[in-house]
Structures are given as C-alpha cells and as structure tokens.
Amino acid sequence: MALDGYSETLRRSVAGSILKPRNPIPLDEVTERILAALANPPVVDRRIADQSAPGRAALAILGQSRQPIWKVGHLLTMLAALGSAEGFAPIQALLDAGLLFPVREFEGSSLGGFQQWFGQEPRLSAEVFTLPGVAERAKGDPLGLPNLATPDGPPKSSLPRISDGLEWPLRLAAVGQLVADGAMRTTQTRALFKRDLQRLQTHELLAAAPADHIAILPDIGVLTLFWALGTEQLAVVDGELTLPKVARTQTNRPLTDELVVLLAAIATLEAWDPLLGYRVLENQLSAVPSSAILLLLLLATAPAGDWYQAAPLAAWLWEHHPAWQNGLTVEVQQQRGTPWVESLLLGLFYPLGIVEVVEREGRFIRLSPFGRSLFAGGAKVPEAPAFLQTLMVQPNAEIIAYRQGLTPTLIARLSRFARWKSLGPACTLELTAEQTYRGLESGLTLAGMVQTLNQHGVRPVHAAVMDLLQRWADKRERITVYSSATLVEFLSPGDLDVAISRGMIAVRITDRIGLCADGADPDYKNLRLIGNRDYEAKPTKCIAVDDDGVTLNLDPGQTDLLLEAEIGRLAEPVPSDGNSVRRFRLTPGSLRRAAQSGYKLDDLDVWFAARTGAALPAAGRMFLLGPTAPSSLATKRLVLQVPNPEIADGLMQWPTTRDCIEDRLGSTALAVDESKLAALRAILESLGVKVEFA
Amino acid sequence: MSQAIAARMAVKLHRRVCLVMTEDAVLAEELLARKKLAGEVLGRLSERALLIRPGRIEAVLDELIKMGHTPQVVGK
C-alpha cells in the first residue's frame, strides 16, 4: 500500500487532512483509519467538496475514464484544457488530502513530501492513482464543458450505425496468440524492434481493417498490441512484451464490462496516433489519452438524441488542448485537426460500440446508448440475448464462429485452443496441433475443449476432428517434463513396490526412486526422512578420497542424483565387498573417457573441489596429463647417497664439489659424473666424509 | 510410538529436480541423439528418465518444441 511508503510525518499529515482528528492518532492506527475514512462515502464527499474546482475536475476525470491510474502529465493537460492555470497545485492538494496517491516503487526510503517525489520522477511520466470509492463519488462533478452538438442533425428517418463491440476483444485475442508465437522485443526507449513491427504490420488478421468499419486506422496491429498491454493481457518482462505468467482472470464478464476495461486502457496508449500510426515520442506525452477522454466527455454534454460533427469538436480541442496541435501534421493543422478527431471517433470508438454514426448528408456522431450509460448518466444497457449455438466445426478442423453468439468468455476460451484466422460477420478459427497443445498446457483438458465446441456448436464435433484432437492430445503424453520435481529414493526396491501399491508414489523412475503424479512432495505420514537434497543449491561434499588418490568413497547420506550421473563419467564402480559404502576408482581409462567427452583439467578440479574439498588428486592428474606430456628419459646414473640433506646442500653449493655433481635427484641423492668420482671422493675424505661403494 | 516410526519407510528426498520422462526408451534415445539436448542432460536415471541440468529446463523445452514434440510440463 502506498501509505506504507510515506514517512511518519507525511502519513500523519495526510491523516490530519482526511480525518481532521481532535486527538493525536497512534501511529499504528493511522493507515487503518485513513483507509476506513476513504471507504466512508459521506467523509469522501466532504473531502472532495473541500477541493478546488480543478482538483474536483481531476477526480471527476479519473472517475469518468474508469482508469484509476493516470500520468500526472495527462491530468495536467486535461485540467489546462478545462481552463485551470494552477499547474501541479490541484494534484498536490489531492495528494495532501489523501484522495490521490503517488505510484512509486518501494525503494526502502520513505517519502517525505510530494514535491520531493514529483521532483525525483520524470515529471510528465509520474503516475498517481485514486481508490475506486473516491473516483465513483467524484465522477458526477460537472466539468463545465460546452455543448457542441450541431443544430442540424441528419434526416429523422436515418438509422444510426452501431457496432457490436466485439471487434477489439477479438483483435486483442488474436494479438495474444501472435505474442504467444514469439514475444515482441522493445528497445530501451520502448520502441518495437523492426522485425516485430513488421510482424504486426503484415499480419494477415491484425493488419486488416475491421469488417464493420467507417474509418481505417493506421498501424492497427500496433495499436492492438499496446492496448492489450494496457489491459494487462500482455506484460513487459525483461524488455519483451509477452503473455503474463498469471493470465488476467477471464471470468464470465459481460461484454459491456470488457469494453469498459478497454476504454480505461486508452489512458496507456502512448505509442500510437490516429493518423500517423505507430509513433514513439521521447520525453513527451502522446495527446491520444487526454484528447480521447475529453472528446468522450464533450459528446456527453448534449441531451440524448442530439448529434455532433467532428469539426466543432476538433475546433474546441484546437483552442483548449495545450499540446494537441503540435502533434498534428501540417495538412491536418490546416483543417484544425478534424481528420484526427474523425479517425479517433470512428476508428477507435465506433468499433467499441461507444458512439453511433449516421452518414447521410454529412457524418453525424453521438454517444450510443452504451456510451451514454457510461458518460451521460444514461440507463444501463441490457446485455444482448445469448445465442448458445454459434459455432460450426467443419471436418477440415476449421471453426466458423457466428459473431452474434460470441461473448468475451467464449472468445477467451476459444483463443486458448483454436487459432483465429479471420474476423468478420462470421469469424473463422483453426484447430491445430500447436494450439491444442497450448490449450492443454494452459490447463484445459481435451474433454473441456470438446465440451466447449459441442456446447456452442450447431452440431456435434465431427468424428474426424475428434480423432485429430485426440491424436494431438496423445502426442503430448509422450514426453513429460518435470520442471521442479521431488524424487523419493527408497532404501530398497521392495520399499518402492510397497509405496506404489499403497498409492504413495505414482511413477517409478528406477528400481528405488519414484515420484508423485504432480511431482510434488509425498505424503510424509508413512515415510521417515533420512536425507534431503535441494538441487538448486550448491553441490555438497560427499566423497572421501583414499590415500592412493584413486579410490573414491561415497557418503550415502550426502550423495545426490547429479553425483550418480556425473561420477560414472569419471570413475569406475568398485564391486561391493559387503561394506555399505559405495566406491568408485579413478583409472587411466576412466579419465581418458572423461577427457574425450569434454572434461578439461580445470573442470575436473572444480568438480573435485565441490565434491571432495580438494582438486583432482595427483594420481588422477597423472592419468589425465600423462598422455600429453613429453616423453620421459630412462638412463643409468651413478648415485651418491649422502646421510642427510645438509651434506647434499653443501656439496651442491661449494664450487669445488659442485662441478663433480651432474644433478640432484632428491634431498639426499646426487647423480655424480663418473669421470670425476675419484676426485670427489678425495675431496670428501679430505673433509672427513667417508664414502663407501655399494 | 517407536514401533510406528520404525514401520515408516526410510526415504531420501531429492528436491527441485529437473526431469524428462519419455513414453518409451526409443524416444529417450532419440532425445539423447539430439546434440543440443544431450548437452543439457546430466544423466539417464533409467531407460525413460533423463536428468536435466538445474536451471536449464527452458532450454530443454525450447529444443523439444523445435523437434516437433509437445511435452507436457508439470510444475510450471
């Protein structure tokens, strides 16, 4: 919770603003009391009423947009368009009053003040959020927008065009499948990689115009991608746009609720423009989120039945929006932004079902009944009657989905195991091996998929299709990958047999090792733990090396499966002598095989250090390095064995004797030049050192 | 009480193990013949069970999918 990141002083200050306590509140109760106050509508109403007009307008915008998180830059832009010249002050007042909170990573240090926070963040991108209860209470506050409805509407007999609202949910489902094929990579500035941009721009389904369209949007695939990100159907992981680990809950949400989620996500559309398409702006915010909300609020000002035209709406934005003009091209500026507004209203909002349109003697736009229910206090629109049987599964594994029977729930479910091929009045999907696999991996079962197809199909699934699905599902059973299993090792094969017969173990791996069906820990009720090894942890020391340097004694309590797998590559098992300790032995042959399979001396040193606490023993080094060393020399030498190292050192050091010595062979053994033996003997005897001949 | 403890079977647990189980030994051989996969396999616990290097499960999955397999993943 954001309040946890506040300093004590700041928390008390916010509590003072919202609670206005007569007595000091104990620190441990402050957060709880603030939250309780924010859940109390009369208190919230009073605190909203305390705010200045721009502050109330900011909260109303948050409520109307159905988006609780907004960038401060966008809020300031919209307030400026509404006539506020107070800059950050209204936002600061809302933060002080506990009606807004900053979005910030918890960095360990507590927040001392909001000016400090706003100064640290990239100013325009800093985000604030409010609680749903506050936004709901504030959304009815009047914003003072003018009524720009046109006095001359279309002929009375004209029937407005209205979209079914399914276009965007369907496109988001398709973009999810495209991302499942391969994540979309972004640069540090959040720009798409060229290859991924091309994938979106040339995608057969996503790049195509909607079947029911009035305006064609540029880079509609890119828009869909970023919109999916805004609705959390995609996530950014390590700079890649990918499917989230935990998918957004696809509940039985009605279409209108799904459309509200999409509407709220417009606040996040930064890299797309209604006329220019994909456009990454550095160090400035896009005009789309703020203009889109202002346009919808302008459309809500007139009574039901009145119509609007794009030009007056564009003219209002032209006059009031502080940054919109700068983003327009010269040609569009000449028309004071009218094409931009038309593109947004007809290309984005019309397929959402928020506006309805008449194209007769001009182009007239107004909020649809659904749009009025959201922005103009209109009655809630009843859900369209459900047509259960809307799918036709063909023998070639294609599915025709009649659009009038589709719901967000069905779209989400179909998207898990069938691939969208085309979107139109009748959409087509394709059952493929890969998509069936994805469906099974997402937690669906074959029976569940078939049930969906039968439940919504106009006739039962064809036998040939059933056969295909069964075959694809069976293929998945051929390989099972346990990403993090617990293997249970028994002392004897008999114990494992008993455990399997009692149902404690489901899968036999070896004669003594098994695992439960889901790879999880077994039930400990009938088991006694004598060892526990974590394979993500560092390997443990579990081998003692004998003095011979080649015999390896395994500690049964500490050994693990990795060791079992590795040691066989380096050493040979020693036949059991009845002793419980298992032994292996390094041999020239075993180490030669290890070297041939890619082990280098350094690898072996690391392995032995981890498993024995010391590097590869000398004998092992000899086995390994011997074959590559230069050849050894065998010669006959005359050896003088002196009684102690001191005499040997003296003979090596004194120039008179050093010339007689060929080599020092050891601490007390010297190789003597045979021709100088007599001279050396004479010198030694002169020193009193006796020499005997063996 | 002590009798009950004695009746319980002694076991050693190997936790967080990455493992590939195949339908049959031939399929395991086929996987081991793939050079990229073989490099990730630490050992063969049985005819059908391959022990994978810790932390390399994603690489193994990618390679299996590249080979055209559709492995069932347990414990994702």
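Residues numbered from 1 in each chain as written. Chains lettered and ligands numbered in written order. Predicted model: local features only at pLDDT ≥ 70, side-chain atom pairs only at ≥ 80, totals over all residues.

Asker: Before we move on, can you summarise the sheet that holds strand β1 (residues 69-71) of chain A with the specific residues and values?
Answerer: All names here are of chain A. A sheet is described by the order of its strands in space; here 3 strands give the open sequence β1-β3-β2, paired in antiparallel fashion. Each edge of the open sheet is held by one strand with a lone partner, namely β1 and β2 (101-103). If you compare each strand with its neighbour and ignore which way they point, the axes differ by 35 degrees on average. Sheet topology places β2 next to strand β3 (residues 127-129); 3 bridges connect them, and they run antiparallel. The residue of β3 that forms the bridge with Val103 is Glu127. On top of the sheet, helix α5 (residues 72-81) reaches β1 and β3; it is set at about 75 degrees to β1, its chief contact. (Pairing = 2+ DSSP bridges. Helix = DSSP H or I, 4+ residues; strand = E, 2+ residues; numbered from the N terminus. Axes fitted to C-alpha atoms, helices over the stretch in contact; angles between N-to-C directions. Contact = placed C-beta atoms within 7 Å.)

Asker: Which residues make up the nonpolar core, and what values do they have?
Answerer: In terms of nonpolar packing, the biggest core is built from 132 residues, with Leu295 and Leu345 of chain A touching the most fellow members. Leu295 of chain A has contacts with Leu313, Val341, Leu344 and Leu345 of chain A, leaving out every residue within four places of it along the chain. In terms of nonpolar packing, the next biggest core, distinct from the first, is built from 34 residues, Ala485, Leu487 and Met504 of chain A together with Ile52 of chain B among them. (Core = buried A, V, L, I, M, F, W, Y, C linked by C-beta atoms within 7 Å. Buried ≥ 20, exposed ≤ 12 C-beta atoms within 10 Å, placed from the backbone.)

Asker: Requested: an account of the pairing of strand β20 (residues 551-554) of chain A, with residues and values cited.
Answerer: For a regular strand, side chains alternate in direction, first toward one face of the sheet and then toward the other. Residue and element names in this part refer to chain A. With 3 bridges connecting them, strand β19 (residues 543-545) and β20 associate as antiparallel partners. If you follow Ile543 over to β20, its bridge partner there is Leu554. Linking β19 back to β20 in an antiparallel pair, the connection comprises 5 residues, with Gly549 at a positive phi of about 80 degrees. By the bridge criterion, 3 bridges tie β20 to strand β22 (residues 583-585) in an arrangement that is antiparallel.

Asker: Which residues make up the interface of chain B and chain A, and what values do they have?
Answerer: Contacts between chain B and chain A engage 37 residues on the former and 45 residues on the latter. Put simply, the parts of the chain that give the side of chain B that touches chain A at least two residues each are β1 (9-22), β2 (41-44), β3 (49-52), α4 (57-66) and β4 (72-74) of chain B. Looking at the side of chain B that touches chain A element by element, the count peaks at 14 residues for β1 of chain B. Taken together, the residues of the side of chain B that touches chain A break down into 23 nonpolar, 8 polar and 6 charged. As judged from the 7 bridges shared by strand β18 (residues 527-534) of chain A and β1 of chain B, these two strands associate in the parallel manner. Opposite Asn532 of chain A, over in β1 of chain B, you have Leu13 of chain B as the bridge partner. (Nonpolar A, V, L, I, M, F, W, Y, C, P; charged D, E, K, R; others polar.)

Asker: Before we move on, could you go through the domain arrangement of chain A and cite the residues and values that matter?
Answerer: For chain A, the assigned domains are domain 1 (2-138), domain 2 (167-375), domain 3 (391-476), domain 4 (487-526), domain 5 (543-628) and domain 6 (638-687). On a C-alpha basis, the centroid separation for the pair domain 1 of chain A and domain 5 of chain A is 66 Å. (Domains from an automatic or database assignment.)

Asker: I'd like a description of the confidence of the model for chain B, backed by residues and values.
Answerer: All names here are of chain B. Per-residue pLDDT for chain B has a mean of 86; in total, 91% of the residues score no lower than 70. Element-level pLDDT for chain B is lowest in helix α1 (residues 2-7), with a mean of 56, against a maximum mean of 93 in helix α2 (residues 25-33). ipTM for the predicted complex: 0.94, alongside a pTM of 0.75. (pLDDT = per-residue confidence, 0-100.)

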